[in-house]
Amino acid sequence: MFYYSTQDKSNSVLSAQAIAQGIAQDGGLFVPESFPQITSDELSSMLSMSYRDRAKLIISKYLTDFTPEEIADCVDSAYTAAKFGSDDPAPIASVKYNGAELNLLELWHGPTCAFKDMALQILPHFLTKSLKKVGGGKDAVILVATSGDTGKAALEGFKDVDHTRIIVFYPVDGVSAMQKHQMNTQEGDNVYVCAIRGNFDDAQTAVKKIFTDPATSEILADHNMMFSSANSINWGRLLPQIVYYVSAYCDMVNLGKVNLGDKINITVPTGNFGNILAAYYAREMGLPVKRFICASNSNKVLTDFINTGVYDKNRDFYTTVSPSMDILVSSNLERLLFALSGNSDTLTKSYMDALKTKGVYEVTPEIKEKIQSSFYGGFADEDATAQTIHDLFEQQNYLCDTHTAVAVSVCDAYIKATGDTTPVVIASTASPYKFSKAVLTALDKGDMPESEFDMVEKLHELTGAQVPAPLASLRGKTARFGDVTDKEDMQGVVLRALGIG
Ligand SMILES: *Cc1c(COP(=O)(O)O)cnc(C)c1O
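Reading the values: rules and limits
- Residues numbered from 1 in each chain as written.
- Predicted model: local features only at pLDDT ≥ 70, side-chain atom pairs only at ≥ 80, totals over all residues.
- Heavy atoms only, no water.
- Helix = DSSP H or I, 4+ residues; strand = E, 2+ residues; numbered from the N terminus.
- Buried < 20%, exposed > 50% of the residue type's maximum accessible area, 1.4 Å probe, protein only.
- Near = heavy atom within 4 Å.
- Polar contact = N/O pair within 3.5 Å; in protein donor to acceptor, adjacent residues only side chain to side chain.
- Areas by Shrake-Rupley, 256 points an atom, 1.4 Å probe, with all protein chains shown as cover.
- Right-handed = clockwise from strand over helix to strand, strands pointing away.
- Pairing = 2+ DSSP bridges.
- Axes fitted to C-alpha atoms, helices over the stretch in contact; angles between N-to-C directions.
- Core = buried A, V, L, I, M, F, W, Y, C linked by side-chain atoms within 4.5 Å.
- Contact = heavy atoms within 4.5 Å.

Q: Break down unusual backbone geometry for me, citing the residues and quoting the values.
A: Among all residues except glycine, the phi angle is most often negative; among peptide bonds, the trans geometry is most common. Here His163, not a glycine, exhibits a phi torsion of approximately 60 degrees, which is positive. Checked against the element boundaries, His163 lands in the loop between α8 (149-158) and β7 (164-171). Assessed through its relative accessible area of 53%, His163 is described here as exposed. Phi is positive for Asn224, close to 60 degrees, though the residue is something other than glycine. Among the secondary structure elements, Asn224 is positioned in the loop between α11 (214-222) and β9 (225-229). Asn224 sits in the partly exposed class, given a relative accessible area of 41%.

This is how it looks when you write it as structure tokens:
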């Protein structure tokens, strides 16, 4: 199977090259030339498989330049009970909320307590194998722009991985206290963490620019290094996410929530559009899905886009209690536009050029219609998010984080607006303990403790919800990193961190 660029289809490579490179040379994103299908027999046979076996089956359809042994090695090293708490890394918790049944796909049982672990525990294995095939003996330099969760998950995945270096940039005032502490205490000899004065979009734009700058790449090449990406622009990030939607469907059948072949809806709290795109790709493979409910916070650029066909990033940026969704340029939307335009690289490129120069584009009526037939867009502001955390806990004794609350709120609104009774899976994307202050505030139970870890303790005492061990163990740990830089200086920071600037 070949992958080509959304902005130039003549640029076509095998999966190892796509994963090692991260982004296409022309600035486009790699996508599979066509989607392999899951037959109904296969889906049926997957019902009795473990998560790992389901993963091997799906991944082998895409990484055709990897041997079955290589794929098995990647999967078996990533999804262990030691890392995810059990042999099922993505369990479903069903709750009744305002009268409707919601099936929460808990994707945050990994080492950093956010769904990013589902991809970033396996990406380093994909990448080191890809480098062996196509890297020409170079070391990979992973540049990450993070709105909070990707950074920590990537650091944890890549720490001390041979022939890799990892550098993470996060917005200095744009992440939670726990997220900052998680990153700044990161261990490993090949890691570096730096805050920037700016927001996530600033960080992501600068990283993309450094990444595609030929002069910088040349300096790296002179030192036997090459850039790669752990952001969801990398195909190796999206592929493992397709797996858990297929797996969740199998679990929904096994739990008796749907009959094999019946459709489900999928709700995703969305930022960079990677997670929801993976769900869409699962449907492209034949998974029975009716609608994708795209949930945003107050940065509702996607809600407006789905409702109007106009993508306009020229608007106020809000720092919210769901920081991992504080994004105005959703990178992976590019891949959806490519698919919905009938794989038109020229049209996709024209939209992306307009976004770059004017900050706005409008899709054709045909594309808009296609989007609206598959996607519903809604948003939850700060009050609705807090209310949802509060009400879900009062009704079901179930504690959810701020991002998942956005999804629950929008899903609830969708069900009320449409009366759609299709069984729904909601991606639950983080542990509530990563956002203790906001979650405690939402529960509204008396005084707020001063320190982050006292908040964690109070939340635990109030709810009985288990504190994940990786977070509990950070108490009292001293920070290794604390640098802050201007976004204009990020390139210099990268070269100095690598010892070549
Ligand atoms: C990254 C993240 C999101 C957004 O996911 P995208 O793939 O960027 O759309 C939502 N919730 C949490 C907790 C996240 O870390």
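Read on for the rest.
Q: Describe the site of the ligand, naming the residues involved and giving the relevant values.
A: As a matter of local geometry, the ligand sits amid 15 residues, with Lys116, Asp149, Gly271, Asn272 and Asn275 nearest to it. Within the side chain of Asp149, one N or O atom sits 2.5 Å away from an oxygen atom of the ligand. Ser324 is positioned with one of its side-chain polar atoms (N or O) 3.5 Å from an oxygen atom of the ligand. Calculation on the ligand without its partners gives an accessible area of 380 Å², and the protein chains cover 98% of this total.

Q: Describe the pairing of strand β11 (residues 289-296), listing the residues and the values that go with them.
A: Side-chain direction in a regular strand flips from residue to residue, so the side chains alternate between the two faces of the sheet. In terms of residue burial, β11 counts as a mostly covered element, since seven of its eight residues are buried. Since strand β10 (residues 264-269) and β11 lie parallel, the crossover through helix α13 (residues 274-284) that links them has a hand, and here it is right-handed. Strand direction decides the pairing type here: β11 and strand β14 (residues 375-379), joined by five bridges, are parallel. Opposite Cys294, over in β14, you have Gly377 as the bridge partner.

Q: Got a sec to walk through the sheet that holds strand β1 (residues 3-5)? Specific residues and values, please.
A: The sheet built from three strands is open, its strands ordered β2-β1-β3 with antiparallel pairing. Each edge of the open sheet carries a strand with a single partner, namely β2 (8-13) and β3 (30-32). Here the strands of the sheet are splayed against their neighbours by 40 degrees on average, with no regard to which way each runs. Of the pairings in the sheet, the one linking β1 to β2 comprises three bridges and is antiparallel in character. Each bridged residue has a counterpart across the sheet, and for Tyr3 the counterpart in β2 is Val13.

Q: Provide a residue-level description of the nonpolar core, including the pertinent values.
A: Counting residues in hydrophobic clusters, the biggest one holds 139 residues, and the most contacted among them are Ile59, Tyr62, Leu63, Ile242, Tyr245 and Tyr361. The element that contributes the greatest number of residues to this core is helix α12 (residues 235-254), accounting for 13 residues. Apart from residues no more than four positions distant in its own chain, Ile59 is found in contact with Ile71, Val75, Ile122, Phe126, Leu239 and Val243. Among the nonpolar cores identified, the runner-up in size contains 41 residues, and Cys113, Met178, Tyr433 and Ala442 belong to it.

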